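Architecture at a glance
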Amino acid sequence: MTTAPIAAASTQPTARTAVAPPAAQSAAALTGKRRIAFASFVDENYLPGFLVLLRSLALSNPDVCEDFIVLHDDLKPSSVAAIRALHPRVVFRRVDADHYDSYQKGDQDNYLVRKAYFILDVFRIRDYDTVITLDTDMVVLGPLKELLALRRGLAAVAQFFYGDRSRMLNSGLLVIQKEYLTDEFCARLDETGRSGTYELDKHDQGILNAVLDGDFVDLDPKYNFVKRRLSGDLPVPEDTAILHFTGRHKPWQGGEAGYGQAQERWREFDISDAALHAAYVSRPGSHHHDLLVHFATPHVRRTGDVDIARRLALAHIGAGDYQSAVDVMEQVHIPIDEAWPHEVYGHALMSVSRYDEADAQLLLATAAPNRAATAFARLAQISWVHGEDATARAYALAGLTVDPTHRASRLWHQRTTQVPVQQQGSPDQQLAHVAFYMDRQGNAGDKLLPESVRLAFDPDTTTRRWHSVHAHRLFDEAALERVNARRGLVIGGGGLFIPDTMPNGNSAWQWNVPDDLLERIEVPIAVYAVGFNAFDGQSYRAQRFRESLRKLVERSAFFGLRNHGSMEKVRGMLPAHLHDKIRFQPCPTTVTRQLVDDWQDPIVRDDTILLNAAYDRAGLRFGHDYGHFLAQMAQAVRELGELAEVQCVAHSLDDEKLAFDLRREHGISLPVIPMYDFDNDEIRDLYARTRLVIGMRGHAGMIPFGCGTPIISLISHPKMAYFLRDIDRPEWGVSVHDRDLAALLVERSRELLADHAKTVADVHGRQQELWKVTQANAADLRALLGS
């Protein structure tokens, strides 16, 4: 290709009609991320037991917080409030008591019978992949991660009754996978219930036992350790994860003689809400964000505890809720010599662009050696954001003086000591370009993006034609004057619509631009191939983002997003009259072969398969399934090695974790390619020469695709599915949560490699469709910005 799209004539249809918008899908549906819930049937009589169960679950598993479904046929408002106070993600579902009128009930008419029928409503749940039932007469004493990681079948603890050798599951705990949460299985339960071929007097899971006939996955008895095994006042075994108070005499009703030590364990969790809050925040180890916020917020309000406030603020910061972090720290008194709270408060303040106040807090934090390096790095960042490179350099050097290994201080020192690029062109020859300009050893995809955007406008990507505006620097009066002196402003280079990469309070997305300065930009604005990059489970909490987004769309003469999924998300945040301004503009990396002058497809390719995984925001990517993912990748790598040499390609330093974990956990060694050290030509060359790329990062799919190389995406983020949907090849993606991940990867790799020339031709054909859209948009941009 010899001509850039803006300089080329185009007779293509407009980009708005070139590709039909697909139907909207949820993020979870796109990523395949499992939705897990606990469930219990609760009535007023057993409410005291359920409240203790909730407290025990939180205190025994402080890093676990899944939805908790409360099945009930009637609960008082005060009971609902008491339950909500103990869990932040409660879902109340009323059971259909009339549904069970046709069941053969015999003479039974007690709570066990009601529970046996109503717990069957669990199997009518359709919006979760795994449901774990817990009885209200249980307490959780140990970790449940093993249950959360189960992927197949219906699991329970097996029990034998009074010489009866038939295999039955014990009541109370069930781990139910989605193949049982179906209309077909419910029909089997209903048929058995109407037939009466079960024994509720012997077992309160009689209907389910009759249907399963012993066909369930065995769990260790520690997950449903029944009280009767402790007769004679025996102690509860230390490895017990769930203690079940079966029988008529419940602990909240006075208990039963001969089980004193068991009942003492139950009473450990029969505590007030305030005691629960204090006990939870004092638990060692990691804490789930939702639980920490739920319990620490009233605790800090009640006690003013500075250290807990610091932890709570850090939880808000980790979730991108920076204003809440500020609010927490504002309500406590921080002693002058408490460095860590000052540092966290400063971090929160700078994240909402209250920079002067942040400076003051961070300077206080530098007094403590163990926090000084981090505080100095944040001070350097604030100075850099304001364009004060000399001050930023001094702060960074101070951080390195305290800790010579401090990575953030080293980054800011390097960024502020680089020789400035000398401008070659005059302003009237240049376009201003807002982008995230990646540092050396930064993410390889983000490093390539600004140049790729520029290639879509002009073969010359140098300062002769471009004036760089780093998105993360404060857009001030001086920056406004420089932009208004150019021919136009291009905003693009990656997923700029994300709240937490470099947070600010001016826009709440990556470009640190105040509204009043945005409105005073006089030159045409083109938003080009930007992505909406929120993860499944991540949200833009601030109204500030919506307001800034609306103003940007209003001011833009061209507003192109890089996939239809981003278009759907952004339109959902805008008033209807702005929807038509949103158009499709593929990421320019996906049409690299068309953009790079004198591009030559490789005659011979390396006999390699490049494998990439991403680890930023790992909890949002993998949930409870990282162990499963790693085991599946180990299996896949062994089999893929029969097709070609598998190499690990690291877009960033963190991506090397895949190779480390495969070796440590599964004894598999892979060569690691440090792509974060590559320049742009080296990145394109490597991806063009391999036979197949299996990648988790967005640009570990889009860049090789743009170079004409077949891809398979490991989907842990909606944007991967968005891209594959846009090119009409969803089969080129596999969810990291898929039960049969390894088998699918190997099968699809074999298919793509079997006739490699045909597969490459398909990639070229898909790319051509994106090129048509890019050319159509180019005609509009040429009229807007000039050639």
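Rules used throughout
- Residues numbered from 1 in each chain as written.
- Predicted model: local features only at pLDDT ≥ 70, side-chain atom pairs only at ≥ 80, totals over all residues.
- Heavy atoms only, no water.
- Helix = DSSP H or I, 4+ residues; strand = E, 2+ residues; numbered from the N terminus.
- Rg over C-alpha atoms; globule rule 2.2 N^0.38 Å.
- Buried < 20%, exposed > 50% of the residue type's maximum accessible area, 1.4 Å probe, protein only.
- Contact = heavy atoms within 4.5 Å.
- Areas by Shrake-Rupley, 256 points an atom, 1.4 Å probe, with all protein chains shown as cover.
- Salt bridge = Lys/Arg side-chain N within 4 Å of Asp/Glu carboxyl O.
- Pairing = 2+ DSSP bridges.
- Axes fitted to C-alpha atoms, helices over the stretch in contact; angles between N-to-C directions.
- Polar contact = N/O pair within 3.5 Å; in protein donor to acceptor, adjacent residues only side chain to side chain.
- 1 Å grid on protein atoms, 1.4 Å probe; cavity = no way out; pocket = protein on both sides within 12 Å on 5 of 7 lines; lining within 4 Å.
- Points joined across faces, edges and corners; volume = space filled by probe spheres on them.
- Nonpolar A, V, L, I, M, F, W, Y, C, P; charged D, E, K, R; others polar.
- Parallel < 35°, antiparallel > 145°, perpendicular 65-115°, else oblique.
- Left-handed = near helix turned anticlockwise from the far one by under 90°.
- Right-handed = clockwise from strand over helix to strand, strands pointing away.
- Expected span 1.5 Å × (residues − 1).
- Bend = angle between axes of the 7 residues up to and from the residue.
- Disulfide = S-S within 2.5 Å.
- Core = buried A, V, L, I, M, F, W, Y, C linked by side-chain atoms within 4.5 Å.

As a further point, take the overall build of the protein. A count of helical and extended segments in the protein gives 32 helices and 25 strands. Expected size for 787 residues packed as a compact globule is a radius of gyration near 28 Å; at 30 Å, the protein falls within 12% of this value. Taking the principal axes of its C-alpha atoms as reference, the protein extends roughly 90 × 70 × 55 Å. Across the 787 residues of the protein, 59% fall into the buried class. Taking all contacts inside the protein whose residues are at least 6 apart in sequence as the whole, residues at least 24 apart take part in 73%. For the protein, the computed accessible surface area is about 31,000 Å², with 48% contributed by carbon and sulfur atoms.

This part takes up unusual backbone geometry. Despite not being glycine, Ala508 has its phi angle at roughly 70°, a positive value. Counting through the fold element by element, Ala508 comes out in the loop between strand S16 (494-497) and helix H21 (515-519). At Asp598, a residue that is not glycine, the phi angle is positive and equals roughly 60°. Here Asp598 shows up in the loop between helix H24 (592-595) and strand S20 (608-611). Overall, the relative accessible area of 59% leaves Asp598 in the exposed class.

Next up on the list: the pattern of salt bridges. Counting across every chain of the model gives 49 salt bridges. In this structure, the salt-bridge partner of Arg544 is Asp515, at a minimum N-O distance of 2.6 Å. Of this pair, Arg544 sits in helix H22 (residues 543-555) while Asp515 sits in helix H21; the two residues are 29 residues apart in sequence, bridging distant segments of the chain. Take Asp515: its relative accessible area is 17%, and that puts it in the buried class. Salt-bridge contacts for Glu554 lead to Arg550; the nearest nitrogen and oxygen are separated by 3.1 Å. A residue pair is termed a helical-turn pair when its members lie 3 or 4 positions apart in one helix, as Glu554 and Arg550 do in helix H22 at four residues. Looking at Glu554, the relative accessible area reads 39%, which means it is partly exposed. Overall, the relative accessible area of 28% leaves Arg550 in the partly exposed class. Residues joined by salt bridges that share partners form a network here, namely Asp616, Arg617, Arg621, Asp655 and Arg697.

So, about the sheet that holds strand S4 (residues 130-133). Strand order in the open sheet formed by seven strands is S3-S2-S1-S4-S9-S6-S10, with mixed pairing between adjacent strands. The open sheet has two edge strands with one neighbour each: strand S3 (90-94) and strand S10 (217-218). Sheet analysis places strand S6 (residues 154-156) next to S10, joined by two bridges and oriented parallel. Each bridged residue has a counterpart across the sheet, and for Ala156 the counterpart in S10 is Asp218. Where helix H3 (residues 47-60) meets the sheet, its contacts fall on strand S1 (36-41) and strand S2 (67-72), and the angle it forms with S2 comes to roughly 170°. Helix H4 (residues 77-84) contacts S2 and S3 of the sheet and is inclined by roughly 150° relative to S3.

It is worth spelling out the side chain of His87 at this point. Relative to the helices and strands, His87 is located in the loop between H4 and S3. Among the residues examined, His87 registers a relative accessible area of 6% and is labelled buried. A polar contact is formed between the side chain of His87 and the backbone oxygen of Glu66, at a distance of 3.3 Å. For His87, the side chain forms a polar contact with the main-chain nitrogen of Arg89, separated by 3.0 Å.

Tracing the backbone shows Leu134 in the loop between S4 and strand S5 (138-140). When its relative accessible area of 2% is taken as the criterion, Leu134 is described as buried. Discounting chain neighbours no more than four positions away, the residues touching Leu134 are Phe38, Ala39, Ser40, Leu53, Phe68, Gly172, Leu173 and Ile242.

By volume, the second largest pocket is sized at about 1,500 Å³. Among the secondary structure elements, those contributing two or more residues to the lining of the second largest pocket are helix H16 (369-385), helix H18 (407-417), helix H19 (444-455), strand S14 (466-470) and helix H20 (477-484). Its residues assigned to classes, the lining of the second largest pocket comprises 13 nonpolar, eleven polar and twelve charged.

Their axes nearest at 8 Å, the elements H16 and H18 cross at an angle of 30°. Between H16 and H18, the interaxial angle falls into the category roughly parallel. Where H16 crosses over H18, the handedness of that crossing is left-handed. Residues Ala373, Ala377, Ala380, Gln381 and Trp384 of H16 pack against Ala408, Ser409, Trp412, Arg415 and Thr416 of H18.

Residues Leu692 and Ile694 of strand S23 (residues 692-695) are buried on one face, and the alternating residues Val693 and Gly695, pointing to the opposite face, are buried as well. For S20 and S23, the ladder comprises three bridges, and the chain directions are parallel. Counted as the bridge partner of Leu610 is Val693 from S23. Across three bridges, S23 lies against strand S24 (residues 711-715) in parallel orientation. Bridging from a neighbouring strand, Ile694 pairs with Ile712 of S24. Since S23 and S24 lie parallel, the crossover through helix H29 (residues 699-706) that links them has a hand, and here it is right-handed.

In this section: helix H11 (residues 289-303). Over its 15 residues, H11 extends 20 Å from the first C-alpha to the last, a length consistent with the 21 Å expected when each residue adds 1.5 Å. Roughly 30° is the biggest bend found in H11, and it falls at Ala296, with proline Pro298 one to four residues downstream. The set of residues buried in H11 consists of Leu291, Leu292, Val293, Phe295, Ala296, Pro298, His299 and Val300. In this structure, the buried side of H11 is in contact with H3, helix H10 (273-281) and helix H12 (306-318). Downstream of H11 by one or two residues, Gly304 has phi in the positive range, about 70°.

Within the secondary structure, Trp266 sits in helix H9 (residues 260-267). In this structure, the C-alpha to C-alpha distance between Trp266 and His299, residues 33 residues apart in sequence, is 24 Å. Other than its neighbours up to four places away in sequence, Trp266 contacts Pro48, Gly49, Val52, Val139, Phe245, Pro251 and Trp252.

What follows deals with the state of the cysteines. The full count for this structure, using the stated rule, is zero disulfides. Here Cys587 is not cross-linked by a disulfide; its sulfur's nearest cysteine counterpart is in Cys707, at 11 Å. A relative accessible area of 2% means that Cys587 is categorised as buried.

All right, on to the nonpolar core then. Membership of the largest hydrophobic core comes to 124 residues, with the highest contact counts inside it found for Phe497, Trp511 and Phe629. Leu53, Val139, Ala309 and Ile317 belong to the second-largest nonpolar core, a separate cluster that totals 97 residues.

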